[in-house]
Structure formats: structure tokens, C-alpha cells
Amino acid sequence: MTVTTLRSVAALKAAGLVTETLAPQLAEVEAAYAIALPEPLAKLIDGKRFGGPIARQYVPSPEEMDVKAGETADPIGDHRHSPVPGLVHRYPDRVLVKVTSTCPVYCRFCFRREMVGPEKGEALTKTELDAVIAYIAANTDIFEVILTGGDPMMLSAARAHEITQRLETIPHVKLIRWHTRMPVTRPDRVTETYAEAIRSRTKAVFVAVHANHAAEFSDEAIAACRRLAGQGIALVSQSVLLRGVNDTVEDLSGLMRAFLSAGIKPYYLHQLDAAPGTSHFRVPVEEGQRLVRALRDTISGLAIPHYVFDIAGGVSKASLALSDIERRDDGWVVRGRDGEDYPLADS
């Protein structure tokens with residue numbers, strides 16, 4: 001199957017996704033950041049709505065050149081925690097391996113937007129991968145290896161299988177996690193062959209599927225997720241709270257239910273990282289807290305993600321969700337779904 005990907009402002013304009021007036025204003029954005037939008041995903045843009053949830057995520061905007069104070073090219077400290085090229089060791093028991101710098105689609109809010117794109121190189125070289133595997137093998141506290149990028153599923157099935165096999169030889173690694181947008185952006189690439197390539201008979205394999213709106217879940221996307229699950233691969237979600245995309249209770253609940261319907265357990269809802277030119281996507285923390293609390297009050301506990309923020313510099317993640325428990329002079333109280341407080345006996 002041949003899939004056309006729109007990779008320039010001119011291509012987006014020809015597809016009716018950028019207006020004649022807007023196109024000249026995007027020249028600077030196009031020069032600074034990669035563009036890619038596969039046609040199947042482009043067709044999900046409802047009636048060519050320029051401000052809709054899919055268009056807003058993937059179609060460039062002049063606002064991307066408005067860099068605010070505090071925004072940085074490496075907001076979560078990848079470089080600071082990279083002992084060998086392509087590997088990030090931020091937490092004692094797990095590492096990130098950036099196996100490729102390319103993606104099937106380039107999100108306009110990406111926290112690695114300065115590090116990804118066709119001009120950044122395709123994938124780790126053999127020498128670089130050998131060094132990464134050697135580092136993981138030598139550090140016996142590493143329980144989990146997270147494959148990321150770019151999008152790690154840009155690798156061929158053969159290369160993905162090779163990496164899986166090499167990780168299988170390391171006894172202390174017990175879990176392999178892939179972070180990808182591929183099931184929703186290019187579901188045709190997530191074939192039975194690919195799913196078989198990344199399964200493991202000796203390690204637990206998880207795939208974190210990144211999506212931000214229920215509209216991204218086409219029938220083909222759901223089928224791709226089920227092909228992965230059919231190989232015994234566990235699926236979890238990753239999303240970013242984004243202004244104009246999923247910043248209502250209705251949109252968030254719809255997204256989380258879409259994940260569950262596709263067999264994906266909601267896992268992370270990220271507060272937006274401070275990448276350059278992304279402030280127009282930012283939802284204030286107080287608003288995010290209200291949204292997540294309202295979500296907890298209205299849908300199944302299975303559908304509730306962890307609302308988190310990556311502390312700048314790669315310190316750690318921090319939970320941003322409001323607590324339902326409070327200590328008062330006369331003891332503990334807990335908040336009910338009705339908004340009322342109730343006493344909690346702690347002995």
C-alpha cells in the first residue's frame with residue numbers, strides 16, 4: 001500500500017488544509033520545523049476545519065515562531081542525562097533509547113521538535129546501537145527499556161525485531177516499551193508482521209500509543225491496535241493536554257473512552273512541556289486540575305490517566321492531580337463525587 005504524506009506548506013495548500021492567505025506566513029515555520037501529514041490522517045480533518053482537533057495538532061501555524069520566555073529546545077533534559085548517544089538515563093531503573101529521529105507525522109507541540117525531522121538523521125548507526133546495548137548490559141539496575149525517537153516504529157520490522165532480540169539477551173531487562181503514534185497516524189504500517197517482530201517470548205512488551213483526540217481513532221487505527229494486542233502486547237496511552245484539542249471534559253472523556261474501546265489502558269496525560277513556540281497549546285495547570293477532577297467524577301476509573309508534568313532539566317515527573325483527601329484539625333476528610341466532604345476514620 002502506497003501512502004502519500006504531505007511534507008510542505010505547498011502540499012498542505014494543495015490539499016486545502018492551508019489557505020492562500022496563510023501559506024506565505026508559514027515560510028519561516030517550514031524552515032524551522034519538519035512537516036509531515038499522511039493523507040489518511042489528513043482526510044480525518046472534519047470538513048477541512050482549520051481549527052479542528054486534528055488540524056490543530058499537525059498543520060503548522062505562524063504562532064510557532066512566537067517563542068516565550070522559559071521555552072527551551074530540551075525542556076526535559078535529554079542531553080543532560082545522555083551518557084552515550086541515543087540513550088537517556090534519567091531514572092535508576094529505566095532508560096530511553098532514541099532509535100530514530102524521524103516520525104510519520106510531526107506534531108506542532110512536540111517537546112523534541114528541535115531534535116526530530118528528516119534532516120536529523122534516520123536511525124542509530126550500528127556502532128551507536130552497539131554502544132547503547134553495551135551500556136544497558138553493563139548497568140544491572142535497568143529493568144525497563146523505553147524505545148522512542150522520533151517514532152521507533154519508523155524502523156523496519158526486521159530492524160525492530162533485531163533490537164528486540166538484542167534486548168532479550170540481557171537478563172536484568174524485563175520490560176520493553178515502545179512509544180509511538182504509528183497506530184493512529186499510519187495504521188497500515190502496523191501489520192501482523194510488525195506486531196510479531198516486536199513481541200517477545202522472554203520479556204514483557206508494552207506499546208504506549210500517543211493520541212490526543214477521539215477523532216484520531218479510525219477503524220483502521222483500532223484494527224492496528226488489536227493486531228498488537230493479538231500478539232500479547234499490552235497497550236497503554238500517552239496524551240498531552242492541549243488548548244483547542246482536548247481541553248474540555250467532553251473531549252477528554254471521549255479520548256479516554258476511545259483508548260479503552262481500542263484495548264488501550266489510559267496511562268499518562270501530560271501537562272505541555274515548554275518547547276519553543278508551543279505556548280498557544282498551553283492549558284493552565286489549575287484548569288487541567290479541574291478537568292481531570294471532573295473526569296474522575298464522570299467516567300470509569302479504568303479511563304483515568306495520571307496527570308503529570310516533567311520537571312525541567314530531567315529531575316522527574318510530578319503528579320498534578322488534585323487530591324481528594326485533606327487533613328483538618330478534627331481529622332481526615334475526603335471529597336465525594338457530589339463535591340461534599342466526608343470524614344475518614346484512619347484508625
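Below is a short write-up of the structure. (Residues numbered from 1 in each chain as written. Predicted model: local features only at pLDDT ≥ 70, side-chain atom pairs only at ≥ 80, totals over all residues. Heavy atoms only, no water.)

The subject of this paragraph is the overall build of the protein chain. A tally of regular secondary structure across the protein chain gives 11 helices and 14 strands. Taken over the C-alpha trace, the protein chain has a radius of gyration of 21 Å; the compact-globule value for 347 residues is 20 Å, and the two agree within 12%. Overall, the C-alpha framework of the protein chain stretches about 65 × 55 × 40 Å when taken along its three principal axes. Evaluated residue by residue, the protein chain yields a buried proportion of 53% over its 347 residues. Carbon and sulfur atoms form 53% of the exposed surface of the protein chain, whose accessible area is close to 15,300 Å². Charged side chains of the protein chain number 40 positive and 44 negative; the gap between the two group centres comes to 4 Å. (Helix = DSSP H or I, 4+ residues; strand = E, 2+ residues; numbered from the N terminus. Rg over C-alpha atoms; globule rule 2.2 N^0.38 Å. Buried < 20%, exposed > 50% of the residue type's maximum accessible area, 1.4 Å probe, protein only. Areas by Shrake-Rupley, 256 points an atom, 1.4 Å probe, with all protein chains shown as cover. Lys, Arg positive; Asp, Glu negative; His and termini not counted. Charge placed at Lys NZ, Arg CZ, Asp CG, Glu CD.)

The nine strands are arranged β3-β4-β5-β6-β7-β8-β9-β10-β11 in an open sheet whose pairing can be described as mixed. Because the sheet does not close on itself, it has two edges, and the strands there are β3 (87-91) and β11 (317-319). Within the sheet, the average angular offset between the axes of one strand and its neighbour, ignoring direction, is 25°. Looking at chain direction, strand β10 (residues 306-310) and β11 are connected through three bridges and run antiparallel. Note that in β11 the partner of Phe309 across the bridge is Ala318. (Pairing = 2+ DSSP bridges. Axes fitted to C-alpha atoms, helices over the stretch in contact; angles between N-to-C directions.)

Looking now at the sheet that holds strand β12 (residues 325-328). Spatial strand order, β12-β13-β14: three strands in an open sheet with antiparallel pairing. In the strand order of this sheet, the two ends are held by β12 and β14 (341-344), each with one partner. Direction aside, the axes of adjacent strands within the sheet are offset by 35° on average. Relative to β14, strand β13 (residues 331-335) runs antiparallel, the two being bridged by four bridges.

Attention now moves to the packing of helix α5 (residues 126-138) against helix α6 (residues 157-168). Following both chains from N to C, one finds α5 and α6 inclined at 25°, their axes separated by 11 Å at the closest point. Of the possible angle classes, the one that applies to α5 and α6 is roughly parallel. The handedness of the crossing between α5 and α6 comes out as right-handed. Taking contact as the criterion, the partners of Leu129, Asp130, Ile133 and Ile136 in α5 are, on α6, Arg159, Glu162, Ile163, Arg166 and Leu167. (Parallel < 35°, antiparallel > 145°, perpendicular 65-115°, else oblique. Left-handed = near helix turned anticlockwise from the far one by under 90°. Contact = heavy atoms within 4.5 Å.)

Read these as layout, nothing more, since geometry by itself doesn't imply function.
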